[in-house]
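Breakdown of the fold
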Amino acid sequence: RERTARRGGEVPLPSGRRRRETMVQALCRGERRDCFQRQNKIAAGDYHTVFVSEEGRLMTCGTHSFRDNPQPILGHSELDDEDLQVIGGDSVLVVPRPVAGLADVRVRTVATGYAHTLAVSEAGAVYSFGLGESGGLGHGNEADQHTPR
């Protein structure tokens, strides 16, 4: 409660609507709300980095595909060979590029995992792409997704 107040956040108290809500539950609800309101404009996974430009365009760079798994993870359907450098056997995009699949979407915030990306639009839609291991993309399977979905 003190931490929330120091950050300038509203300190939630149990509301009358939630009859059995404890102080801890009320504080957790407030923390979740505060987290959603924060806007991450840059995030980094193990192999890639994502940025949100001032205009809300999603841009990515980093390992486009791995030597042992040639599936692209940066959200670009196609990149020319001259855009990529081979580093340690992996294809790497060293200069950030806008993700064409989200050209008409204003991105609000981003998050990354080991080799996948999640983006939330200003309208509240969630897009994901990258490696689908352990269902990390939220599509109900473990399939890799090369472009935002």
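A quick note: this is a predicted structure, and the numbers were derived from the prediction, not measured.

**Structural notes on the packing of aromatic side chains**
In total, this model carries 1 aromatic pair according to the counting rule given. Look at Tyr 47 and Tyr 114: their rings are 5.6 Å apart centre to centre, the planes differ by 85 degrees, and that puts the pair in the edge-to-face class. Here the residue Tyr 47 occupies a position in the loop between strand 1 (42-44) and strand 2 (48-52), and Tyr 114 occupies one in the loop between strand 6 (107-112) and strand 7 (116-121), the gap between them amounting to 67 residues.

**Some details on the sheet that holds strand 6**
If you trace the 3 strands from one edge of the open sheet to the other, you get 6-7-8, paired in antiparallel fashion. Two strands lie at the open edges of the sheet, namely strand 6 and strand 8 (126-130), each paired on one side alone. This sheet shows a mean twist of 20 degrees between the axes of neighbouring strands, independent of strand direction. Both strand 7 and strand 8 contribute to a ladder of 5 bridges, which runs antiparallel. Paired with Ala 119 across the bridge in strand 8 is Tyr 127.

**Some thoughts on the pattern of salt bridges**
Enumeration according to the criterion identifies 2 salt bridges in this entry. As a salt-bridge pair, Arg 97 and Asp 83 come within 2.9 Å of each other at their nearest N and O atoms. Taken together, the residues span a long stretch of sequence, with Arg 97 in strand 5 (residues 90-98) and Asp 83 in the loop between strand 3 (58-65) and strand 4 (84-87) at a distance of 14 residues. Close ionic contact of Arg 106 with Glu 122 constitutes a salt bridge, the shortest N to O distance being 4.0 Å.

**Considerations on unusual backbone geometry**
At Ser 134, a residue that is not glycine, the phi angle is positive and equals roughly 60 degrees. Mapping Ser 134 onto the fold places it in the segment after strand 8.

**A few points about the nonpolar core**
Of all hydrophobic cores here, the largest spans 11 residues; its members are Ala 43, Val 50, Val 52, Leu 58, Val 99, Leu 102, Val 105, Val 107, Val 110, Ala 119 and Phe 129. Of all the secondary structure elements, the ones that give two or more residues to this core are strand 2 and strand 6. Dropping the residues within four chain positions of it, Val 105 is found in contact with Gly 56, Ser 121 and Tyr 127. One finds Leu 74, Leu 79, Leu 84 and Ala 115 within the second-largest nonpolar core, a separate group that totals 8 residues.

**Observations regarding the environment of Met 59**
Turning to its location among the elements, Met 59 is positioned in strand 3. We classify Met 59 as partly exposed; its relative accessible area is 22%. Taking the C-alpha atoms as reference, Met 59 lies 5.7 Å from Pro 96; in sequence the two are 37 residues apart. Apart from the residues within four sequence positions on either side, Met 59 is in contact with Thr 49, Val 50, Phe 51, Ser 53, Pro 96, Arg 97 and Pro 98.

**Points about a nonpolar patch on the surface**
On the surface, Ile 87, Val 94 and Val 95 cluster together to form a nonpolar patch covering roughly 250 Å² of accessible area. Along the polypeptide, Val 95 turns up in strand 5. Owing to a relative accessible area of 54%, Val 95 belongs among the exposed residues under this scheme.

About the criteria used
Residues numbered from 1 in each chain as written. Predicted model: local features only at pLDDT ≥ 70, side-chain atom pairs only at ≥ 80, totals over all residues. Heavy atoms only, no water. Phe/Tyr/Trp six-rings, centres within 6.5 Å; stacked < 30°, edge-to-face > 60°. Helix = DSSP H or I, 4+ residues; strand = E, 2+ residues; numbered from the N terminus. Pairing = 2+ DSSP bridges. Axes fitted to C-alpha atoms, helices over the stretch in contact; angles between N-to-C directions. Salt bridge = Lys/Arg side-chain N within 4 Å of Asp/Glu carboxyl O. Core = buried A, V, L, I, M, F, W, Y, C linked by side-chain atoms within 4.5 Å. Buried < 20%, exposed > 50% of the residue type's maximum accessible area, 1.4 Å probe, protein only. Contact = heavy atoms within 4.5 Å. Patch = residues over 30% accessible without salt bridge, like charges linked within 9 Å, V, L, I, M, F, W, Y side chains within 5 Å. Areas by Shrake-Rupley, 256 points an atom, 1.4 Å probe, with all protein chains shown as cover.

Just geometry here; none of it tells us what the structure is for.
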